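Residue-level structural notes
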Amino acid sequence: MVAVSAVGFVRTVLGDVAPGELGVCDAHDHLFLRSPQLPGQELEDASAARAELAAFRSVGGGSVVQWTPYGMGRRVADLPSLSRGAGVHVVCATGLHQAAHYGRELLAGLRGRLAEVFVAELTEGVGPSGVRAGVIKVAGGFHGLDAHARWTMTAAAEAHRATGAPIAVHLEMGTGALDVLDLLCGELGVEPHRVILGHLNRAPDLVVQRQAAETGAYLAFDGPSRAHHATDWRMPDGVRALAEAGFGDRLLLGGDTVVAGARSVDGGPGMPYLLRRVAPRLALELGEELVGRVLRENPARAFAVDRH
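Now for a description of the structure that goes with this document. Starting afresh in each chain, residues are numbered from 1 along the sequence in its written order. At least 70 in pLDDT is required for a residue's local features to be given in this predicted model, at least 80 for side-chain atom pairs to be given and counted, and no such filter applies to totals for whole chains, interfaces and linings, which use all residues. The basis for every side-chain value is the complete set of non-hydrogen atoms in the structure, without hydrogens or water.

**What to know about the overall build of the protein**
- Counting its regular elements, the protein contains 11 helices and 11 strands.
- Atoms counted for the radius of gyration: C-alpha only. Globule rule: 2.2 Å times the number of residues to the power 0.38. For a compact globule of 308 residues, the expected C-alpha radius of gyration is about 19 Å, and the protein comes in at 17 Å, within 12% of that figure.
- The principal-axis extents of the C-alpha atoms in the protein amount to approximately 50 × 45 × 40 Å.
- The rule is simple: take the accessible area with a 1.4 Å probe, protein chains only, and divide by the maximum for that residue type; under 20% is buried, over 50% is exposed, in between is partly exposed. Relative to its full complement of 308 residues, the protein shows a buried share of 57%.
- Residues are treated as being in contact if the distance between any of their heavy atoms lies within 4.5 Å. Looking at the protein alone, contacts between residues at least 24 apart form 76% of all its contacts between residues at least 6 apart.
- Of the accessible surface of the protein, which amounts to about 11800 Å², a share of 51% is contributed by carbon and sulfur atoms.
- Working convention for charge: Lys and Arg count positive, Asp and Glu count negative, and His plus the chain ends are omitted. We put the charge of a Lys on NZ, of an Arg on CZ, of an Asp on CG and of a Glu on CD. Computed over 29 positive and 34 negative side-chain charges, the inter-centroid distance for the protein is 2 Å. Helix and strand definitions here come from DSSP, where helices need a minimum of 4 consecutive H or I residues and strands a minimum of 2 consecutive E residues; each element is numbered from the N-terminal end. To be clear on the numbers: accessible area is Shrake-Rupley with a 1.4 Å probe, and residue cover counts the displayed protein chains and nothing else.

**Some words on the pairing of strand S9 (residues 195-198)**
- The side-chain alternation of S9 yields two buried faces, one formed by Val-195 and Leu-197 and the other by Ile-196 and Gly-198.
- A strand pair is defined by DSSP finding two or more bridges across the two strands. Relative to S9, strand S8 (residues 167-170) is paired through four bridges, and the arrangement is parallel. Across the sheet, residue Ile-167 finds its bridge partner in S9, namely Val-195.
- Crossover handedness for the path S8 to helix H6 (residues 177-187) to S9: right-handed. Every crossover in which the path from the first strand over the helix to the second runs clockwise, viewed with the strands pointing away from the viewer, is termed right-handed.

**Focus: the nonpolar core**
- Residues belong to one nonpolar core when they are buried, are Ala, Val, Leu, Ile, Met, Phe, Trp, Tyr or Cys, and are joined through side-chain atoms within 4.5 Å. Of all hydrophobic cores here, the largest spans 79 residues; its most connected members are Leu-53, Val-169, Leu-184, Val-195 and Leu-197.
- The leading source of residues in this core is helix H9 (residues 272-286), at eight residues.
- Setting aside its immediate chain neighbours within four residues, Val-169 contacts Trp-67, Val-138, Ala-139, Gly-140, Met-153, Val-180, Leu-184, Val-195, Ile-196, Leu-197 and Gly-198.
- Core analysis: the next-biggest nonpolar cluster, separate from the first, contains 18 residues, Val-10, Val-17, Val-135 and Ala-302 among them.

By themselves, these figures tell us nothing about what the structure is for.
Written out as structure tokens, the structure is:
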């Protein structure tokens, strides 16, 4: 498979940068996040977010893509100062998660204008902050797509066509990757290399992973160090199999810190774990050169936009 060049720009919270400026990238994480599905575990502390970014920077991190979408406590106005203070590029998301994360009134208020909201946040800015999003986050369901997922993905495809922004997809427990690709790329016409599939390590089916990679989509192995998921100890198998099959240029790595207790500054693994433990573990299996490309070159292509 021929790799897509990292042309254009990446839209960060401090403005557009050349893709190569991202450096070592945590391709899927969260500085802020709030959901009724995670009561009492909100990521809302700006001081903790600042410390977490600094900790990531101290182990060599250069950029973080925050996948927190619309209506889930993104605190976008806080992101520029955090990015500037830590010296870490931050990309924020527009988009919409599963219906369970929202109240009915909020969802009703978005009917008929969802793509318009996404486009506005990508081109004009999120609310009064003026900070523009750089990626569209949507979500599938468990082994399938419900009406809400189809609605949000249809809007995401429309916003992508208007802006060129990549579409990042939460796969519930790592399932439904092929259904997502059938909808986004088959029915809605999004080019596969503009789609990033998250959480594939949570359902370590090597056949499905290869089928997804064969389309040209990016595969994010994220959320390591969760004892109830087949993550750390199965991830090298999946990554090695894909690399050996010629899909090393399709792979991304992320931390996906979603609750306060998972931050390194609160005693959890947090963002630094990706570079302290996951990357060295993968390097033993795959070599440092490939892992370096997964952390640097692949995100530069995956999150690049080729037009304003």
